Amino acid sequence: MIFEKHENGISDIREKLKNKAKLFSKDDSGQGAAEYILLFGGVIVIALAGLLIYRSYFSNNTSGLNATQDISSIRENVSSIY
């Protein structure tokens, strides 16, 4: 008699845990937000990598690449056309 109560109680607990596990596995309410966070994180990493690669182009150093000079020469060429 005592053992039957424990067996019924344990089976009830197992059944409840199975039901909770099924509900938990079907819950995908935060999945879209997590995917957007990962997407934007990937875009930021790629942008930072690009900035690190082209850092010498945007800085004013003696490497021969200078964005300021390139922009001014483009403006001069465009203004001479018109």
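Residues numbered from 1 in each chain as written. Predicted model: local features only at pLDDT ≥ 70, side-chain atom pairs only at ≥ 80, totals over all residues. Heavy atoms only, no water.

Participant: Looking at this structure, I do not really get the overall build of the chain. What am I missing?
Facilitator: Regarding its fold elements, the chain presents four helices and zero strands. Working note: accessible area of the chain is about 8000 Å², and carbon and sulfur atoms make up 65% of it. (Helix = DSSP H or I, 4+ residues; strand = E, 2+ residues; numbered from the N terminus. Areas by Shrake-Rupley, 256 points an atom, 1.4 Å probe, with all protein chains shown as cover.)

Participant: I'm lost on a nonpolar patch on the surface in this one. Help?
Facilitator: A cluster of nonpolar side chains, Tyr36, Leu39, Phe40 and Val43, forms an exposed patch at the surface whose accessible area comes to about 440 Å². Among the structural elements, tyrosine 36 can be located in helix H2 (residues 31-53). With relative accessibility at 52%, the residue tyrosine 36 sits in the exposed group. (Patch = residues over 30% accessible without salt bridge, like charges linked within 9 Å, V, L, I, M, F, W, Y side chains within 5 Å. Salt bridge = Lys/Arg side-chain N within 4 Å of Asp/Glu carboxyl O. Buried < 20%, exposed > 50% of the residue type's maximum accessible area, 1.4 Å probe, protein only.)

Participant: I keep staring at the packing of aromatic side chains and nothing clicks. Help me out?
Facilitator: Aromatic ring pairs are reported here in terms of the distance separating the ring centres and the angle at which the planes meet. Considering all chains together, one arrives at one aromatic pair under this definition. Consider the rings of tyrosine 36 and phenylalanine 40, whose centres lie 6.4 Å apart with planes at 20°: the pair is stacked. Of this pair, tyrosine 36 and phenylalanine 40 are both found in helix H2, four residues apart, which corresponds to roughly one turn of the helix. (Phe/Tyr/Trp six-rings, centres within 6.5 Å; stacked < 30°, edge-to-face > 60°.)

Participant: Any chance you could explain the confidence of the model for the chain here in plain terms?
Facilitator: Averaged over all residues, the pLDDT of the chain equals 77, while 70% of them reach at least 70. Highest mean pLDDT in the chain belongs to H2 (92); lowest belongs to helix H1 (residues 2-26) (69). (pLDDT = per-residue confidence, 0-100.)

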